[in-house]
Amino acid sequence: MTVAEDRLDATFTALADPTRRAIVARLARGDATVNELAAPFDMTLPGISKHLKVLERCGLISRTRRAQFRPCHLEGDVLDAALSWIEENRRVWKERFDKLDEHLRDLQRAPSQRRKGTTDG
Amino acid sequence: MADRTTGTGELTYARVFDAPRELVFRCMLEPEHLTHFWGPAGVSTPLETIKVDARPGGVFETVMVNDSDGSRYPTRAVYVEIVEPERIVWTEPDSGVTTTSTFRDLGGERTELQIRQANAPAGYRSPEARAGFATSLDRFAAYLEKLGGSR
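Values in this document were obtained by computation on a predicted structure and should not be read as measured data.

1. Some remarks on the confidence of the model for chain B
All names here are of chain B.
Then, number 1: Summarising the model, chain B shows a mean pLDDT of 79, and 72% of its residues fall at 70 or more.
Then, number 2: The secondary-structure element of chain B with the lowest mean pLDDT is helix H3 (residues 127–131), recorded at 36, while strand E3 (residues 51–52) shows the highest, at 98.
Then, number 3: Contacts for the low-pLDDT stretch residues 120–136, under 50 throughout, to residues beyond four places or in other chains number 24 contacts.
Then, number 4: Interface confidence for the predicted complex, given as ipTM, is 0.74, next to a pTM of 0.69.

Here is the structure:
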């Protein structure tokens, strides 16, 4: 497995949790401190910190070392890599479905070919 | 919901077709049908490149050929489960992605085909892990797209 695939796996693992998706969605609107991120959740700061560590490990977010409140920042490139994988898959299946739909119409318009569908293969 | 760090995301795609379930099922399993739609737009999958050994452990291989420049994309999968006419499951050993096709008879010669893709070689197989993945990441992707270029 390549490094890129490893990171993609880690990104999907990180995103497979609703709290972390909410955090990512919040950070998509701008940087935020841990306190700001914790506010909408019924969760302790250590609880939120655990989620942030998972997001940090896969590179989805980064935290600056110098500022006092260490605001969290969404790394758009990492998210984009995950989203483009999803997009590519979605596109392939959408186009397959479109073609399958057409194929099924053809088959049913010509009932004689319906048994095997080999005559136009 | 509990923290599910052992698992990974799952993608779901569904479409309703105006055709009986048994026919849609055969389309996903027989090379003579697959050749008509397996390649996405601009890509063909020649009949002679499709290998289907329709039993658990049997191969499902194709070569998709780009219509414009002839580049070839081989795909390699192994069937995990085939339940006619309800379900086909295969897994791609190279990527660890497992794809489940579910065929639902909606009556009146209409069939819903649902594709679920799980990208979780290790954690996915336990029932606890499965139970945690009611979410679908593609809906999340759509949501983030709505947020637009703000990120």
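2. Some remarks on helix H5 (residues 76–109) of chain A
Then, number 1: Taking 1.5 Å of rise per residue, 34 residues should cover 50 Å, and H5 of chain A covers 48 Å from first to last C-alpha, within 8% of that figure.
Then, number 2: Buried within H5 of chain A are the following residues: Val78, Leu79, Ala82, Leu83, Ile86, Asn89, Trp93, Arg96, Leu100, His103, Leu104 and Leu107 of chain A.

3. Digging into unusual backbone geometry
All names here are of chain B.
Then, number 1: A cis amide bond links Glu84 with the next residue in sequence, Pro85, at an omega value of -5°.
Then, number 2: Of note, Pro85 is situated in the loop between strand E5 (72–83) and strand E6 (87–91).
Then, number 3: We note that Glu109 has phi near 60°; this positive angle belongs to a residue other than glycine.
Then, number 4: With 13 C-beta atoms packed within 10 Å, Glu109 lands in the partly exposed category.

4. Some words on the pairing of strand E7 (residues 98–107) of chain B
Residues and elements named next belong to chain B.
Then, number 1: Direction of pairing for E6 relative to E7: antiparallel, over a ladder of 5 bridges. Within the sheet, the bridge partner assigned to Ile88 lies in E7 and is Ser101.
Then, number 2: Here E6 folds back onto E7 in antiparallel fashion, the turn holding 6 residues, of which Gly96 has a positive phi close to 80°.
Then, number 3: Alignment of E7 against strand E8 (residues 110–118), held across 9 bridges, turns out to be antiparallel. Bridge pairing in E8 links Phe103 to Leu113.
Then, number 4: Turn length for the E7-E8 hairpin, with the two strands adjacent in sequence and antiparallel, is 2 residues, and the turn residue Gly108 shows positive phi of about 60°.

5. Here's the deal with helix H4 (residues 45–57) of chain A
All names here are of chain A.
Then, number 1: The end-to-end C-alpha distance of H4 is 18 Å, a good match for the 18 Å that 13 residues give at a rise of 1.5 Å each.
Then, number 2: Of the residues making up H4, those classed as buried are His51, Leu52, Val54 and Leu55. Along H4, the residues classed as buried sweep out an arc of 155° about the axis, all on the same side. Facing away from the buried surface of H4 by more than 90 degrees, the exposed residues are Leu45, Pro46 and Lys53.
Then, number 3: Looking one or two places after H4, you find Gly59, whose phi comes out positive at around 85°.

Cut-offs applied
Residues numbered from 1 in each chain as written. Chains lettered and ligands numbered in written order. Predicted model: local features only at pLDDT ≥ 70, side-chain atom pairs only at ≥ 80, totals over all residues. pLDDT = per-residue confidence, 0-100. Helix = DSSP H or I, 4+ residues; strand = E, 2+ residues; numbered from the N terminus. Contact = placed C-beta atoms within 7 Å. Expected span 1.5 Å × (residues − 1). Buried ≥ 20, exposed ≤ 12 C-beta atoms within 10 Å, placed from the backbone. Pairing = 2+ DSSP bridges. Arc of directions from axis to C-beta.

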